[in-house]
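Remarks on the overall topology
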Amino acid sequence: MTNQQIYIALQTILTKEIRRFTRIWVQTLLPPAITMSLYFVIFGNIVGSRIGQMGGFDYMQYIVPGLIMMSVITNSYSNVVSSFYSAKFQRSIEELLVSPVPHHIILTGYVLGGVARGLLVGLIVTILSLFFTHLSLHHLLVIIYSVFLTATLFSIGGFINAVFAKSFDDISIVPTFILTPLTYLGGVFYSIENLSPFFQNVSLFNPIVYMVNTFRYGILGVSDVNVGLSLTMMTALTIGLYFYALRLLSSGRGMKE
């Protein structure tokens, strides 16, 4: 394929993915907005008024970056896992695999679709948060890089889950039993410095801790972990998972069975 044909193929896959979740925006974009608004009201206003400050900021202001990142994580992941598994279940993915489109373009198209949904939901949640608190921009480049990297990472994770899934029930196992606990224990609602030394060390094995704190540093300028180390780990993990997902796609794992 020529470069122009490859570009058209990537654009087609990405456009299909974006149209897919925007067409059913009542199911994909509205629920996260409502859920996060409830978090703002319950945790930020009601609970936060009793907690006071955390990390030198009002509790509402402190948890907003974590809630934004949580919405990006869950929506990036769910978009790709549901879309790719549906294509696999309907056998339409086979038509794409036998076409001359390179496998890395197929993977990139699906991943960018998940990134688009994650960033869009993140933007919606950010706008809603401005009705409850004030946000600043401490380091814009850190904000952009960390949120894009996180959306990419979990989009790839959703793709890998979809490859191994053998039923629609399987695509909910990882979000329910792994992703949700890691997110709630990832420093979204608290600073890990408030934990005992043992649980602080345990928290450092949770990758979402690094993502949430890096994004929080970009907005508020505070972090419980080293930001440079966090960005390096996130970058390495994203690259590693991308090539692993590409290997799975090239091997036909879960699609030739």
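Description of the structure in this document.

**Quick word on the pattern of salt bridges**
- This structure, assessed with the given rule, holds two salt bridges.
- Here Glu94 and Arg91 are joined by a salt bridge, their closest N and O atoms 3.0 Å apart.
- A relative accessible area of 43% means that Arg91 is categorised as partly exposed.

**Regarding the packing of helix H4 (residues 59-89) against helix H8 (residues 173-184)**
- Look at H4 against H8: their axes get within 11 Å of each other, and the N-to-C directions meet at 165°. Judged by the angle between their axes, H4 and H8 are roughly antiparallel. For the pair H4 and H8, the crossing hand works out as right-handed. Facing Met70, Ile73 and Tyr77 of H4, the residues of H8 in contact are Val174, Pro175, Leu179 and Thr183.
- Looking at the contact of H4 with H8 residue by residue, the class counts come to six nonpolar, one polar and no charged.

**What about a nonpolar patch on the surface?**
- On the surface, a cluster of nonpolar side chains totalling about 840 Å² of accessible area is made up of Trp25, Val26, Leu30, Ile34, Leu38, Val41, Ile42, Ile46, Val47 and Ile51.
- At the level of elements, helix H2 (25-28) and helix H3 (30-51) are the ones that each hand at least two residues to the nonpolar patch.
- Looking at the nonpolar patch, the element that brings in the most residues is H3, giving eight residues.
- With respect to the helices, strands and loops of the structure, Ile51 is situated in helix H3.
- Judged by relative accessible area, Ile51 falls into the partly exposed class, the value being 39%.

**Quick notes on the packing of aromatic side chains**
- Taken as a whole, this structure holds ten aromatic pairs when the rule is applied.
- Summarising the aromatic geometry, the rings of Phe40 and Phe132 are spaced 5.3 Å apart at their centres and angled 40° between planes, so their arrangement reads as tilted. You can see Phe40 sitting in helix H3 and its partner Phe132 sitting in the loop between helix H6 (103-129) and helix H7 (140-164), a full 92 residues away along the chain.
- You can call Phe132 partly exposed: its relative accessible area is 29%.
- Ring plane angle 85° and centroid distance 5.2 Å describe the contact between Phe84 and Tyr110, whose orientation is recorded as edge-to-face. Remark: Tyr110 occurs in helix H6 and Phe84 occurs in helix H4; sequence separation between them is 26 residues.
- Ring pairs connect the aromatic residues Tyr39, Tyr184 and Phe189, which therefore count as one cluster.
- Directly above the aromatic system of Tyr62 lies the positively charged group of Arg216, at a separation of 4.0 Å from the ring centroid.

**Notes on unusual backbone geometry**
- Unlike most non-glycine residues, Arg91 shows phi in positive territory, near 65°.
- By secondary structure assignment, the location of Arg91 is in the loop between H4 and helix H5 (92-97).

**A few points about the side chain of Asn161**
- Mapped onto the elements, Asn161 comes out in helix H7.
- Judged by relative accessible area, Asn161 falls into the buried class, the value being 9%.
- With residues near it in sequence (within four places) discarded, Asn161 still touches Tyr77, Val81, Asp170, Ile171, Val174 and Pro175.

**A look at the layout of surface pockets**
- Its volume calculated, the largest pocket comes out at about 430 Å³.
- As for the largest pocket, its lining consists of 23 residues, of which Thr74, Asn75, Ser78, Pro175 and Thr180 are closest to the centre.
- Per-element accounting of the lining of the largest pocket gives the leading share, eight residues, to H4.
- Taken together, the residues of the lining of the largest pocket break down into eleven nonpolar, eleven polar and one charged.
- Its boundaries defined by the atoms lining it, the second largest pocket holds a volume of some 290 Å³.
- Sorting the residues of the lining of the second largest pocket by element identifies H7, H8, helix H10 (207-220) and helix H11 (227-251) as the ones contributing at least two each.
- The element that contributes the greatest number of residues to the lining of the second largest pocket is H7, accounting for five residues.

Cut-offs and rules
- Residues numbered from 1 in each chain as written.
- Predicted model: local features only at pLDDT ≥ 70, side-chain atom pairs only at ≥ 80, totals over all residues.
- Heavy atoms only, no water.
- Salt bridge = Lys/Arg side-chain N within 4 Å of Asp/Glu carboxyl O.
- Buried < 20%, exposed > 50% of the residue type's maximum accessible area, 1.4 Å probe, protein only.
- Axes fitted to C-alpha atoms, helices over the stretch in contact; angles between N-to-C directions.
- Helix = DSSP H or I, 4+ residues; strand = E, 2+ residues; numbered from the N terminus.
- Parallel < 35°, antiparallel > 145°, perpendicular 65-115°, else oblique.
- Left-handed = near helix turned anticlockwise from the far one by under 90°.
- Contact = heavy atoms within 4.5 Å.
- Nonpolar A, V, L, I, M, F, W, Y, C, P; charged D, E, K, R; others polar.
- Patch = residues over 30% accessible without salt bridge, like charges linked within 9 Å, V, L, I, M, F, W, Y side chains within 5 Å.
- Areas by Shrake-Rupley, 256 points an atom, 1.4 Å probe, with all protein chains shown as cover.
- Phe/Tyr/Trp six-rings, centres within 6.5 Å; stacked < 30°, edge-to-face > 60°.
- Lys NZ or Arg CZ within 6 Å of the ring centre and 35° of its normal.
- 1 Å grid on protein atoms, 1.4 Å probe; cavity = no way out; pocket = protein on both sides within 12 Å on 5 of 7 lines; lining within 4 Å.
- Points joined across faces, edges and corners; volume = space filled by probe spheres on them.

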